[in-house]
Each structure stands twice: as structure tokens, then as C-alpha cells.
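Residue-level listing of the chains:
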Amino acid sequence: QVQLVESGGGLVQAGGSLRLSCVASGYIFSVDNMGWYRQGPGKERELVATITGGGSINYADSVKGRFTISRDNAKNTVYLQMNSLKPEDTAVYYCNVRVRTIYTGWNDYWGQGTQVTVSS
């Protein structure tokens, strides 16, 4: 019913930038909160940034001042602009979107994950 397709990951040197995108498609009635999470090597998944339907934004302390989350409601898309990347940012990044479909109530959906690798 709902698919999240992520793009924009890759290999970058420390200090570089990447822009991740996550597009939701399907029988979508409305979209509420959106967010980005990541899972580094040997680590558990952690929150990176969230943005509510009303535009309220929250960042993990480790990315404040470097990452920017934004959304385009008309395109059902959430973005993560990542600047001044560090090796410790290396992880698989997953988007999460809370969606109300044409047929059901609210549910959370996850993207397939996109690899971000930052070399030292």
C-alpha cells in the first residue's frame, strides 16, 4: 500500500556533503511525522532528525548544526541535507514516515535504507 524509496547515499570524504531523499508513494491520504534514523556498524538504530506535520524539528545532538531536515508535502518527500560529514556518520540511513492511507488509519512505514560512508 505504501512504499518509501530512499536515494542520495554514497561514499564521501570527511567534510563533504550529501543530500538524502525519501519519497512516499501509494494510496496516501495524508502524511504526518517524518524522520531519519541510522544504524552504524555494530550499533543499534538511532534517531537522527524528525519533522512533524506542523513543521516542528528535532535533531540528535550529534548532528545539530550540520544536518538539516526538510519536507515537501506536495511531493510526500522528506530530505536530509548532511554537511560537514564525519567518519562517525557512517551508517545505513532509514527514513520513517507516518501515513494515513486511503483505506486505513495511521501507520509507520520504513524506507529500504541507504548507505552513507564517510572516509577519514
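Notes on the structure in this doc start here. (Residues numbered from 1 in each chain as written. Predicted model: local features only at pLDDT ≥ 70, side-chain atom pairs only at ≥ 80, totals over all residues. Heavy atoms only, no water.)

**Describing the pattern of salt bridges**
Okay, so step 1: Here the structure, examined in full by the defined rule, presents five salt bridges.
Okay, so step 2: Between Asp89 and Arg38 there is a salt bridge, with its nearest N and O atoms 3.0 Å apart. Within this pair, whereas Asp89 is found in the loop between β8 (77-82) and β9 (91-101), its partner Arg38 is found in strand β4 (residues 28-39), the two being separated by 51 residues in sequence.
Okay, so step 3: Taking the relative accessible area as the measure of exposure, Asp89 reaches 1% and is therefore buried. (Salt bridge = Lys/Arg side-chain N within 4 Å of Asp/Glu carboxyl O. Helix = DSSP H or I, 4+ residues; strand = E, 2+ residues; numbered from the N terminus. Buried < 20%, exposed > 50% of the residue type's maximum accessible area, 1.4 Å probe, protein only.)

**Section: unusual backbone geometry**
Okay, so step 1: Residue Asn76 is not a glycine yet carries a positive backbone phi of 50 degrees.
Okay, so step 2: Position of Asn76 among the secondary structure elements: in the loop between β7 (67-72) and β8.
Okay, so step 3: Here Ser84, not a glycine, exhibits a phi torsion of approximately 50 degrees, which is positive.
Okay, so step 4: Mapped onto the fold, Ser84 is located in the loop between β8 and β9.

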